[in-house]
Number of protein chains: 2
Amino acid sequence: MIKFADRMDGMQASDIGDILKVTVRPEIISFAGGLPAPELFPVEDIKTAFNAVMAEAGTTALQYGQAEGWYHLREQIADRMEKRNGIKTDAEHVLITAGSQQGLDFCGKLFLNPGDVVLMESPSYLGAIDAFKAYQPNFVEVPTDDDGIIPEALDKILATTENVKLIYVIPDFQNPSGRTWPMQRRRDFMEVVNKYEVPVIEDNPYGELRFKGEFLPALKSMDTKGLILYFSTFSKILTPGFRLAWICANEAIMKKLVLITTAAVLQTSTLNMMVVSKYLDMFDVDKHVAEIRPVYKHRCELMINTMKETFPEEAKFTDPDGGLFTWVELPERINTKELAIKALDQLVAFVPGAGFFPNGGNTHCLRLNYSNSTDERLVEGVHRLAKVIKEAL
Amino acid sequence: MIKFADRMDGMQASDIGDILKVTVRPEIISFAGGLPAPELFPVEDIKTAFNAVMAEAGTTALQYGQAEGWYHLREQIADRMEKRNGIKTDAEHVLITAGSQQGLDFCGKLFLNPGDVVLMESPSYLGAIDAFKAYQPNFVEVPTDDDGIIPEALDKILATTENVKLIYVIPDFQNPSGRTWPMQRRRDFMEVVNKYEVPVIEDNPYGELRFKGEFLPALKSMDTKGLILYFSTFSKILTPGFRLAWICANEAIMKKLVLITTAAVLQTSTLNMMVVSKYLDMFDVDKHVAEIRPVYKHRCELMINTMKETFPEEAKFTDPDGGLFTWVELPERINTKELAIKALDQLVAFVPGAGFFPNGGNTHCLRLNYSNSTDERLVEGVHRLAKVIKEAL
């Protein structure tokens, strides 16, 4: 008899998987995924970078390499974090991972015994919840307002909760809420974290996709005690197809993460690391990101404006300054899981909100993605959704 | 204070890491790693495949995809397993992983509670030991002879040991021993496994690299109860740089592995999967493997013959029919960890054997790799090593 490990009891297929599977049907207008716009991928430049790598160092690119990742790429990432996020660091403090999801899994492995506590914004990224669940923690949701985590609430939880091993936050254009923490909130958060000295994952996949307001420095740039593990990725500024992301962390954490990497995967693809490194050397990624931003800005505004025109007054939604998502709260009597099924009948898809709360509840919320639709489909999809919501009310 | 999880106590840096780091120095002749010969990588063909993918479906290749992997690649792998290994299966039973190491990590997660028992050949692949250690099992080493695991010994262990959750074996050109299980041994093993119904990982990275004797069917081809998880990889027949491998398993296991994949990494690189898939469509991988085999045969014979000429009589070593490694047993008074330091002084490197025994001991063995050296360096390295061994005796 095959017996699975106890941790598998907590790892169940979500309804979201079913929704995402259906959304590949072209007649369905999907606001469900978190896909970047493929028409913006710099396909020709990536081809050029790939062919340059193969011409200069094909056999190196196709061979095994180091667990930490391709050194030059780690240097480029360190430089870029200083320039874009105010983080003073170097290549030695950068670990390449095969997507940020892998970094989340590694951090679950690094920090969590069964029953340990993870703190998260409420709501938070459902992929992070899934990754940590494999390590059987208890989740405590930290109350949030329009400016992100409420520092006083965090302080109270840390003062009264045993075995808090990890805090997970997304201060920029949060997934799913689209909210961004203002500067003062970041400072106040760091003060609480420094008081209790708990490690924090600052997940920043979307930070560069700001299309309104001023860039804000990363929490990591204010980290005087080595508590912040800063996560970012090439998936949203370049393409997800490489599965390339990174963690920037202090030396003690880096050493452990390298052990975990070696045991779990040996290393990330040398080829992919060298191609992205070459792309960064040959092309201007800042210019590329500058081309993405106005497209996402336009799509976001089009979605929000169409929602303002068509959604009933009882529907509240966020108006993000960047990133990929807006978050909708409906009256509590509406169950968005049931609504999602009705929406699919009308050929429009979204992700019900409950999955973004590790402890469940909140069945009246939903997440919408605007980055991956044409204008026409955006407008049509919001109209369809408005109709479904109105009928449900 | 940052506190790591308990499992990290068992995950320590090995001496092997230090040895492998030194071996990048070009003056050191390294038999330490397990690298395929890069001069055999089909660089031009891979370039052609990549450029074809980018021309036909660049944006698809650079976008997110399915957790299970690129469907056409899974079909190609299923076809190939039937043709090469006698395994009747289909795409639905193939999961793409980012290297077999990732598959090992996933199986640790799937099967192992702390304190559960994993059975392995004695010795066994040290990367598998590392991967499973993260899940805090107890290891029981199953006695082996020149034909692999001894079925009677396995039966006795299974009859008397609680909580055996997983058996890990490499029947073809085992790492580190270079040994291969004959046909009868495979049948006897399956009989014992079927009696106790314990899941088995059959790890077969080297099976196609047979340069002597007849191909033998995989254990998976005799699996009537869905107990075998068959692992193989493109790392040795094509290149390791893609980090592409696969698991073939029954439906119940596949479903759980897909949940684990989603939570741990979302998916393997779409780009890499599509490029390898295109390579398989455009080029004849069997022809390519047929070109690798004689090179490895030559290098193996050159190493073994040079060892026969130069090694002292007390040194026993295996004469493999394929794969990448030979295994040396020295008199028990020789400590190969100390020997490795002396060898590095003479600019030759190997991996001490103790790391291949999950419960330690066996400090008198060592592993040699022959796939990644030129003739001249092979001969010179073995001469140096012979001298170091003689001095130690």
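What counts and how
Residues numbered from 1 in each chain as written. Chains lettered and ligands numbered in written order. Predicted model: local features only at pLDDT ≥ 70, side-chain atom pairs only at ≥ 80, totals over all residues. Heavy atoms only, no water. Disulfide = S-S within 2.5 Å. Buried < 20%, exposed > 50% of the residue type's maximum accessible area, 1.4 Å probe, protein only. Helix = DSSP H or I, 4+ residues; strand = E, 2+ residues; numbered from the N terminus. Pairing = 2+ DSSP bridges. Contact = heavy atoms within 4.5 Å. Buried area = accessible area lost by both parts, 1.4 Å probe. Salt bridge = Lys/Arg side-chain N within 4 Å of Asp/Glu carboxyl O. Nonpolar A, V, L, I, M, F, W, Y, C, P; charged D, E, K, R; others polar. Least-squares fit on C-alpha atoms with pLDDT ≥ 70 in both. pLDDT = per-residue confidence, 0-100. Phe/Tyr/Trp six-rings, centres within 6.5 Å; stacked < 30°, edge-to-face > 60°. Lys NZ or Arg CZ within 6 Å of the ring centre and 35° of its normal. Axes fitted to C-alpha atoms, helices over the stretch in contact; angles between N-to-C directions. Core = buried A, V, L, I, M, F, W, Y, C linked by side-chain atoms within 4.5 Å.

Caption draft 1: Quick peek at the state of the cysteines. Residue and element names in this part refer to chain A. This structure, assessed with the given rule, holds 0 disulfides over all chains. With no disulfide partner, cysteine 300 has as its closest neighbouring cysteine sulfur the one in cysteine 365, 18 Å distant. What makes cysteine 300 buried here is its relative accessible area of 1%.

Caption draft 2: Seen up close, the pairing of strand β15 (residues 365-369) of chain A. All names here are of chain A. Counting buried positions along β15 yields 5 of 5 residues, so the element is predominantly enclosed. The side-chain alternation of β15 yields two buried faces, one formed by Cys365, Arg367 and Asn369 and the other by Leu366 and Leu368. Of the pairings in the sheet, the one linking strand β12 (residues 325-329) to β15 comprises 5 bridges and is antiparallel in character. Residue pairing in the sheet places glutamate 329 in a bridge with cysteine 365 of β15. Pairing of strand β14 (residues 351-352) with β15 involves 2 bridges; the strand directions are antiparallel. Residue proline 352 lies in a different strand from β15, and its bridge partner there is leucine 366.

Caption draft 3: Quick peek at the side chain of arginine 179 of chain B. Residues and elements named next belong to chain B. Relative to the helices and strands, arginine 179 resides in the loop between β7 (164-169) and α7 (183-196). On the basis of relative accessibility, which here comes to 15%, the residue arginine 179 falls in the buried class. If we ignore the near neighbours within four places in the chain, the residues touching arginine 179 are Pro123, Thr144, Asp145, Asp146, Pro171, Asp172, Phe173, Gln174, Thr318 and Glu329.

Caption draft 4: How the structure looks around the interface of chain A and chain B. Each side of the interface is counted separately: chain A has 78 residues, and chain B has 78 residues. Considering only the surface of chain A that becomes buried against chain B, Phe4, Leu62 and Tyr64 of chain A emerge as the three largest contributors, covering 11% of it. For lysine 109 of chain A, the salt bridge goes to aspartate 105 of chain B, with nearest N and O atoms at 2.5 Å. Listed by contribution, the elements that provide at least two residues to the side of chain A that touches chain B are α2 (43-61), α4 (100-111), α5 (126-133), α8 (251-265) and α9 (270-282) of chain A. Residue composition of the side of chain A that touches chain B, by class: 41 nonpolar, 23 polar and 14 charged.

Caption draft 5: Looking closely at the relation of the copies chain A and chain B. Placing chain A over chain B gives an RMSD of 0.0 Å and needs a rotation angle of 180°, together with 0.0 Å of translation along the axis. This pairing of chains is accounted for by a two-fold axis. The residues that chain A uses at the interface reappear at the interface of chain B in 100% of cases, marking a shared surface.

Caption draft 6: Examining the confidence of the model for chain A more closely. Mean pLDDT for chain A: 96, with 100% of residues reaching 70 or above. Taken over the whole predicted complex, pTM reads 0.97, whereas the ipTM for its chain interfaces reads 0.97.

Caption draft 7: Region of the structure containing the packing of aromatic side chains. Residue and element names in this part refer to chain A. The full count for this structure, using the stated rule, is 21 aromatic pairs over all chains. Through a chain of ring-to-ring contacts, three or more aromatic side chains come together here, namely Trp327, Phe356 and Phe357. Across from the ring centre of phenylalanine 215, 5.1 Å away, lies the NZ or CZ of arginine 84, which sits over that ring.

Caption draft 8: Here's a closer look at the sheet that holds strand β8 (residues 200-203) of chain A. Residues and elements named next belong to chain A. On the basis of which strands lie adjacent, the open sheet formed by 7 strands has the order β2-β10-β9-β8-β7-β3-β4 and mixed pairing. Lying at the two open borders of the sheet, with one neighbouring strand each, are β2 (94-97) and β4 (138-142). Neighbouring strand axes in the sheet, compared pairwise and without regard to direction, differ in orientation by 20° on average. Each of β3 (117-121), β4 and β7 (164-169) touches helix α6 (residues 151-160); the most contacted strand, β4, lies at about 150° to it. Seen against the sheet, α8 touches β2, β9 (228-233) and β10 (245-248) and runs at an angle of roughly 25° to β2.

Caption draft 9: Examining the environment of glutamate 391 of chain A more closely. Residues and elements named next belong to chain A. Looking at where glutamate 391 falls in the secondary structure, it is placed in helix α12 (residues 375-392). For glutamate 391, a relative accessible area of 58% puts it in the exposed group. For the pair glutamate 391 and lysine 342, spaced 49 residues apart in the sequence, the C-alpha separation amounts to 9.8 Å.

Caption draft 10: Here's a closer look at the pattern of salt bridges. Scanning the model with the defined rule gives 42 salt bridges over all chains in all. When the shortest N-O distance is used, the salt bridge between lysine 195 of chain A and aspartate 155 of chain A registers 3.0 Å. A residue pair is termed long-range when its members are at least 10 positions apart, and lysine 195 of chain A in helix α7 (residues 183-196) and aspartate 155 of chain A in helix α6 qualify at 40 residues. The exposure class assigned to lysine 195 of chain A is exposed, which follows from its relative accessible area of 54%. The salt bridge involving arginine 179 of chain B is made with aspartate 146 of chain B; its shortest N-O contact spans 3.7 Å. Here arginine 179 of chain B, found in the loop between β7 and α7, pairs with aspartate 146 of chain B, found in the loop between β5 (144-145) and β6 (148-149); they are 33 residues apart in sequence, far enough to count as distant. Given the relative accessible area of 59%, aspartate 146 of chain B is considered exposed. Within the structure, one salt-bridge network assembled from shared partners comprises Arg80, Lys83, Arg84, Glu208 and Asp286 of chain A.

Caption draft 11: Structural context of the nonpolar core. Core analysis: the largest hydrophobic core is formed by 95 residues, its most contacted members being Phe132, Leu154, Ile167, Phe189 and Leu229 of chain A together with Phe132 and Leu229 of chain B. Setting aside chain neighbours within four positions, we find leucine 229 of chain A in contact with Cys107, Phe111, Pro199, Val200, Ile201, Glu202, Ile247, Cys248, Ala249, Ile253 and Leu257 of chain A. Core analysis: the second largest hydrophobic core is formed by 68 residues, Tyr230 of chain A together with Leu62, Phe234 and Val275 of chain B among them.

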